[in-house]
Amino acid sequence: MQPPTFAKVIIITTQMKNKMKKLAITASAFLMSIGLSMAQSLEKMQWFNEPEQWKIENKTLSMFVTPQSDYWRISHYGFTVDDAPFYYATYGGEFEAKVKVTGDYKTRFDQAGIMLRIDHENYIKAGIEFVDGKFNLSAVVTHKTSDWSVITLDKPVPYIWIKAVRRLDAVEIFYSFDDKEYTLMRNAWMQDNIPMKVGLMAASPDGTGFNAHFEHFSVKHLPDLRRQEWLKKNAE
């Protein structure tokens, strides 16, 4: 067998380098995907108003909601409170967040759901709220002062899915009983191009607390709509 010529050695070496480069790129992409997944895990999130009792087990956050706690600003009642448990991660840009919520609601205004928060004067909370013995789909939108909208359910439900979609300068809130068919319950303005805390909230304004559970929490990045329009107009 003839020894490889110098030119062949160069070609083989170049091919090996290209293969190694492709492997390195693939490995890097895989590690990045793992990192992105871990960033959305419950263990990586943080508390605002941490409750005394809580745990994470089987990808589910369970808490005993702090008694006499809530989020509300000024309107109708004349007071401001900002002291209920909120477990969150911070996201920029546009996204879709959803979670399955279960609660042992027992006292007026017991509530659990999802929260999107820029600061103490600008936030949205949405989920189930127990009022006058009935389950209500509830949404509070706050910009300096709070407002409240409800959809009363005909009967109690064992759980609810809540989904929030942030696009441009608006947030759409949806609910579902099966994580398949979602119905719009609120569309609200929210400042765009600013980071937002996204997570799980529960409150017991009038009560002594209750057990709340949050399953299958996820936040999915959505491509920026304005950038997509720019790309269309400036495609090569």
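Just above, that's the structure.
Described below are features of the structure shown in this document. (Residues numbered from 1 in each chain as written. Predicted model: local features only at pLDDT ≥ 70, side-chain atom pairs only at ≥ 80, totals over all residues. Heavy atoms only, no water.)

## Quick look at the overall build of the chain
Counting its secondary structure elements, the chain contains 2 helices and 16 strands. Working note: accessible area of the chain is about 13800 Å², and carbon and sulfur atoms make up 57% of it. (Helix = DSSP H or I, 4+ residues; strand = E, 2+ residues; numbered from the N terminus. Areas by Shrake-Rupley, 256 points an atom, 1.4 Å probe, with all protein chains shown as cover.)

## Details of the packing of aromatic side chains
Counted by the stated rule, this structure contains 13 aromatic pairs. Taken together, a centroid distance of 5.2 Å and an interplanar angle of 20 degrees make the contact between Phe86 and Tyr88 stacked. Like Tyr88, Phe86 is buried. Between Tyr105 and Phe135, the aromatic rings sit 5.6 Å apart at their centres with planes inclined by 90 degrees, giving edge-to-face as the arrangement. Placement of the pair is Tyr105 in the loop between β7 (94–103) and β8 (110–119) and Phe135 in strand β10 (residues 134–143), with a sequence separation of 30 residues. Every member of this aromatic cluster is reached through a ring pair, and the members are Tyr105, Phe130, Phe135 and Phe210. (Phe/Tyr/Trp six-rings, centres within 6.5 Å; stacked < 30°, edge-to-face > 60°. Buried < 20%, exposed > 50% of the residue type's maximum accessible area, 1.4 Å probe, protein only.)

## As for the sheet that holds strand β12 (residues 160–167)
Each strand in a sheet pairs with another by means of backbone hydrogen bonds, the pair being arranged parallel or else antiparallel. Judged by pairing direction, the sheet is antiparallel, and its 7 strands sit side by side in the order β2-β3-β16-β7-β12-β13-β14 without closing on themselves. Looking at strand neighbours, the two that pair on one side only are β2 (53–57) and β14 (183–189), the edges of this open sheet. Recorded for the sheet is a direction-independent mean angle of 20 degrees between the axes of neighbouring strands. Where strand β3 (residues 60–64) lies against strand β16 (residues 211–222), 5 bridges are found, and the strand directions are antiparallel. Note on β16: the bridge partner recorded for Ser62 is His213. (Pairing = 2+ DSSP bridges. Axes fitted to C-alpha atoms, helices over the stretch in contact; angles between N-to-C directions.)

## A few points about the side chain of Ser138
Locating Ser138 in the fold gives a position in strand β10. Here the side chain of Ser138 touches Glu129 through a polar contact of 2.7 Å, side chain to side chain. When residues no more than four places from it in sequence are discounted, the contact partners of Ser138 are Lys125, Ala126, Gly127, Glu129, Trp148, Ser149, Val150 and Met185. (Polar contact = N/O pair within 3.5 Å; in protein donor to acceptor, adjacent residues only side chain to side chain. Contact = heavy atoms within 4.5 Å.)

## Considering the pairing of strand β6 (residues 86–91)
Among the 6 residues in β6, 5 count as buried, and that is most of the element. Strand direction decides the pairing type here: strand β1 (residues 46–48) and β6, joined by 3 bridges, are antiparallel. Each residue of the ladder has a partner; that of Trp47, found in β6, is Tyr87. Two strands pair when backbone bridges link them, and β6 and strand β15 (residues 196–203) are joined in this way by 6 bridges, in the antiparallel orientation. Residue pairing for β15: Tyr87 is matched across the bridge by Leu200.

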